[in-house]
Amino acid sequence: MAVSLNNNAQHQVVIVGGGFGGLYAAKALNAANVNVTLIDKRNFHLFQPLLYQVATGTLSPSDISAPLRSVFSKSKNTKVLLGEVNNIDPKAQQVILGDEVVPYDTLIVATGANHSYFGKDHWEKVAPGLKTVEDAIEMRRRIFGAFEAAEKETDPEKRRAFLNFVIVGGGPTGVELAGAIAELAYKTLKEDFRSIDTSETKILLLQGGPRILPHMVPELSASAAVSLQKLGVELHTHTRVTNIEGDIVTFKQDNEFTEIASKTILWAAGVQGSPMGKVLAETTGVERDYSGRVIVEPDLSIEGYDNIFVIGDLANFSHQDAKPLPGVAPVAKQQGEYVGKLIQRRLQGKTLPQFNYNDVGSLAMIGQNLAVVDLSLIKLTGFIAWAFWLLVHIYFLIEFDTKLLVVFQWAWNYITRNRRSRLITGREAFVEPKTVNDRVQEPSVTPL
């Protein structure tokens, strides 16, 4: 069954994915003489950079989400469809949603990326990542549930496992999670429990490379490391996780293996292109890189199909500085705006120069009054960087009422050092002890 679109004589643009790339592509086409159909399996746009604050109880999911229909309610040329695209027919120029098809003249695929466990996908059950609202709620359940379970546990060794938090990956997500959990354990929750001392919490941040925040200049990475250590986070660089079995994390550092028992293992180490990358490869023959991202042309189209564009985290754009652009919100935003303008130029018989990313810098929150900001010529740390981080994230939030809510929440948290969104939801009220099979330890393994 085909989905009817208004005024089929007009150019039909179909956008798959309502993240930053898809959202800004649709916004760029708001006044164009085209019909836009935005398809997403969720009915909301999610501000992913703040997911870690949902996971650690600072914000609620609704604070960082905007209903897509509300965002485009005044864009009369834009139609929003709730559904999941599972195939495309590039010859017939159709996308397929189950038994429905949507025709297109131009297709924009902006479906983002998923977690990558580097071939160890079975680790996902015990080490969740952070890409969706559901991920954040599950992570929040595990974090706060661990403290609740520790309060009930009388065995000191088992209690330590509940108070050990292991974060794998030292990029922005890992750093921000580590800092937020440290503030929870050592400040926010320190007066809330009677049987445990939350200051005994151990937070390990494991990074495979030589430094955390490797996309930043070395001096900012070093500053972030010092700030995290002052908060109480243990940093382990040059460290690779070799196994996760039950509650036991095994990692290798300087040819020495170490084990630690932890009930809360959080993954922030890698990403891979969404399944739509594979669909595009199978239907168009386009090449993908080692992480499943689609290799795109200088104008963000794919080889052999100049009316199919791939943008955002799913795209491997290597035509600038000979290396792929990072999977961050500013890249997706600029690519979405570019493709929107290019479509309009093409309809006028014109074109645009190849896409060129304007690197506006990178930043990461570490804790209250602590952040690092790299603006190319300007480097900021401490309170000024923290204030700048707040302003940038407020600016990128989509709806005005959302901006007000987040400002209020942050102001209240700053004054009270309290986090109001500490709900433990889900079928399990808290983390129950798991059974760990006794295993023969190799001589090279040193317990932590």
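Residues numbered from 1 in each chain as written. Predicted model: local features only at pLDDT ≥ 70, side-chain atom pairs only at ≥ 80, totals over all residues. Heavy atoms only, no water.

**Some words on the overall build of the protein chain**
Assigned secondary structure in the protein chain consists of 11 helices and 26 strands. The C-alpha radius of gyration computed for the protein chain amounts to 23 Å, which stays within 12% of the reference 22 Å derived for 448 residues, consistent with globular compactness. Taking the principal axes of the C-alpha coordinates as reference, the protein chain spans close to 70 × 50 × 45 Å. Relative to its 448 residues, the protein chain shows a buried fraction of 54%. Sequence-distant contacts in the protein chain: of pairs separated by 6 or more residues, those separated by 24 or more amount to 64%. When the accessible surface of the protein chain is totalled, it reaches about 20800 Å², and 51% of it is carbon and sulfur. One finds the centroid of the 45 positive side-chain charges in the protein chain at a distance of 4 Å from the centroid of its 48 negative side-chain charges. (Helix = DSSP H or I, 4+ residues; strand = E, 2+ residues; numbered from the N terminus. Rg over C-alpha atoms; globule rule 2.2 N^0.38 Å. Buried < 20%, exposed > 50% of the residue type's maximum accessible area, 1.4 Å probe, protein only. Contact = heavy atoms within 4.5 Å. Areas by Shrake-Rupley, 256 points an atom, 1.4 Å probe, with all protein chains shown as cover. Lys, Arg positive; Asp, Glu negative; His and termini not counted. Charge placed at Lys NZ, Arg CZ, Asp CG, Glu CD.)

**Notes on empty space enclosed by the protein**
Tallied over the full model, the rule gives 1 cavity of 30 Å³ or more. Each pocket or cavity is described by its volume, and for the largest cavity that value is around 40 Å³. Tallied by class, the residues present in the lining of the largest cavity amount to 5 nonpolar, 3 polar and 1 charged. (1 Å grid on protein atoms, 1.4 Å probe; cavity = no way out; pocket = protein on both sides within 12 Å on 5 of 7 lines; lining within 4 Å. Points joined across faces, edges and corners; volume = space filled by probe spheres on them. Nonpolar A, V, L, I, M, F, W, Y, C, P; charged D, E, K, R; others polar.)

**Structural notes on the packing of aromatic side chains**
Inspection of every chain in the model, using the stated rule, returns 12 aromatic pairs. In this structure, Lys 263 is placed above the aromatic ring of Phe 162, and the distance from its NZ or CZ to the ring centre is 5.2 Å. One residue, Lys 333, lies across the ring of Tyr 24, its end atom 5.0 Å from the ring centre. (Phe/Tyr/Trp six-rings, centres within 6.5 Å; stacked < 30°, edge-to-face > 60°. Lys NZ or Arg CZ within 6 Å of the ring centre and 35° of its normal.)

**What about the UniProt feature "domain: FAD/NAD(P)-binding" (unreviewed entry) in the protein chain?**
When the UniProt feature table is mapped onto this chain, "domain: FAD/NAD(P)-binding" (unreviewed entry) is found at residues 12-336. Here residues 12-336 is 29% helix and 29% strand, with 16 Å between the C-alpha atoms at its ends. (UniProt positions renumbered as here; feature names shortened; annotations may be inferred.)

**Here's the deal with the environment of Tyr 357**
Along the polypeptide, Tyr 357 turns up in the loop between helix H9 (329-347) and strand S23 (362-367). Along the chain, Tyr 357 and Val 310 lie 47 residues apart, while their C-alpha atoms are 15 Å from each other. Among residues more than four places away in sequence, those in contact with Tyr 357 are Gln 320, Leu 325, Val 328, Pro 330, Val 331 and Gln 334.

**Describing unusual backbone geometry**
Phi is positive for Phe 118, close to 50°, though the residue is something other than glycine. Residue classification places Phe 118 among the exposed positions, given a relative accessible area of 57%. Even without being glycine, Asp 254 reaches a positive phi, approximately 55°. Position of Asp 254 among the secondary structure elements: in the loop between strand S15 (248-253) and strand S16 (256-261).

**Some points on the side chain of Asp 313**
For Asp 313, the location among the structural elements is in the loop between strand S21 (305-310) and strand S22 (315-316). Buried and without a salt bridge, Asp 313 has Lys 131 as its closest oppositely charged side chain, separated by 4.3 Å. Ignoring anything within four residues of it in the chain, the contact list for Asp 313 reads Gly 112, Ala 113, Lys 131, Arg 293, Gly 327 and Val 328. (Salt bridge = Lys/Arg side-chain N within 4 Å of Asp/Glu carboxyl O.)

**What about the sheet that holds strand S7 (residues 94-97)?**
A sheet is described by the order of its strands in space; here 3 strands give the open sequence S6-S7-S8, paired in antiparallel fashion. Of all strands in the sheet, those with a lone pairing partner are strand S6 (87-89) and strand S8 (100-103), marking the two edges. Each strand axis lies, on average, 25° off the axis of its neighbour in the sheet, ignoring direction. Of the strand pairs in this sheet, S6 and S7 are connected by 3 bridges, and their pairing is antiparallel. Within S7, the position partnered with Asp 89 by the bridge is Gln 94. (Pairing = 2+ DSSP bridges. Axes fitted to C-alpha atoms, helices over the stretch in contact; angles between N-to-C directions.)

**Things to note about the pattern of salt bridges**
Tallied over the entire structure, the rule returns 10 salt bridges. A salt bridge links Glu 134 to Arg 42; the shortest N-O distance between them is 2.9 Å. You can see Glu 134 sitting in helix H4 (residues 133-152) and its partner Arg 42 sitting in the loop between strand S2 (34-40) and strand S3 (44-46), a full 92 residues away along the chain. In this structure Glu 134 comes out as partly exposed when scored by relative accessible area, which is 44%. Lys 333 is the salt-bridge partner of Glu 337, the closest N and O atoms lying 3.0 Å from each other. With a gap of 4 residues between them, Glu 337 and Lys 333 both fall in helix H9, about one helical turn apart. Taking relative accessible area as the criterion, Lys 333 reaches 14% and is therefore assigned buried. Overlapping salt bridges bring together Glu 138, Arg 141 and Arg 142 as one network.

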